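Chain by chain, the residues run as shown.
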Amino acid sequence: PAPAFMVSGRITDMETEAGLDGISLIFSNDEGTATTSGGGYYEKMVSDGWSGMVTPAYICGTFSPNSREYTDIQTNQADQDFIVQGLSAPASFDLLGPGNGSTNGETAHLSWATASCAEEYDVYLGTQTSPSWLLSTATNEVMIAITNSAAYYWYVVARNAAGETRSPATGD
């Protein structure tokens, strides 16, 4: 097999200098992708002699530089960092159903609209009007076993590195 070389770096927020996890980087010319983790770090093995672009794929901020270009890589490429400016918290979103205070069935199918820029959602559910945290998920729906005839209340918090947005915004 042909030798391979490592392209590695870190993505950080310009304001906080914190590393950002979960951001994908696209390596052109069929080299695939890498995703930041462990404090915003990424690494990707590329083919000997690879030429192409590395571009962060994240719509909720502007990158500096926008991308990095490589020609005929013959050595490891360390410290290939990106800085995100203007990172946005998740946009507002709506709960789709069921409504708070619902009492039907033994399973609740909780669903909500996708919040632009959300990386994860925290779901709160309970029989009190101020429900407790139940779980975190990357999807916009969950199926939960409930007690039939009990009234349930719920809300969702969309999160990313820049902040969080709750739906409904307040109360129940």
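Read on for a plain summary of the structure. None of the values given here were measured: they were computed from a predicted structure. (Residues numbered from 1 in each chain as written. Predicted model: local features only at pLDDT ≥ 70, side-chain atom pairs only at ≥ 80, totals over all residues. Heavy atoms only, no water.)

**A word on the nonpolar core**
Core analysis: the largest hydrophobic core is formed by 21 residues, its most contacted members being Ile11 and Phe27. Among the elements of the structure, β1 (4-13), β2 (24-27), β4 (41-47) and β8 (82-85) are those that each provide at least two residues to this core. Looking at this core element by element, the count peaks at three residues for β1. Excluding its chain neighbours within four sequence positions, the residues that come into contact with Ile11 are Ala18, Gly19, Leu20, Ile23, Leu25, Thr36, Gly40, Pro56, Phe63, Phe82 and Val84. Val142, Ile146, Tyr152 and Ala158 belong to the second-largest nonpolar core, a separate cluster that totals 16 residues. (Core = buried A, V, L, I, M, F, W, Y, C linked by side-chain atoms within 4.5 Å. Buried < 20%, exposed > 50% of the residue type's maximum accessible area, 1.4 Å probe, protein only. Helix = DSSP H or I, 4+ residues; strand = E, 2+ residues; numbered from the N terminus. Contact = heavy atoms within 4.5 Å.)

**Brief notes about the state of the cysteines**
By the definition in use, this model includes one disulfide. Each disulfide pairs two cysteine sulfurs, and for Cys60 the partner residue is Cys117, the sulfurs being separated by 1.7 Å. Its S-S torsion of approximately -105° makes the covalent link between Cys60 and Cys117 left-handed. You can see Cys60 sitting in the loop between β5 (52-57) and β6 (62-64) and its partner Cys117 sitting in the loop between β10 (107-112) and β11 (120-126), a full 57 residues away along the chain. Across this residue pair, the class does not change: Cys60 and Cys117 are buried. (Disulfide = S-S within 2.5 Å.)

**A word on unusual backbone geometry**
A cis amide bond, omega -10°, links Ser64 with the succeeding residue Pro65. Structurally, Pro65 can be placed in the loop between β6 and β7 (68-70). Cis peptide bonds are those with omega within 30 degrees of zero, and the linkage from Gly97 to Pro98 qualifies with 0°. With respect to the helices and strands, the residue Pro98 is situated in the loop between β9 (95-97) and β10. Here Asp79, not a glycine, exhibits a phi torsion of approximately 60°, which is positive. Position of Asp79 among the secondary structure elements: in the loop between β7 and β8. Residue Cys117 is not a glycine yet carries a positive backbone phi of 80°.

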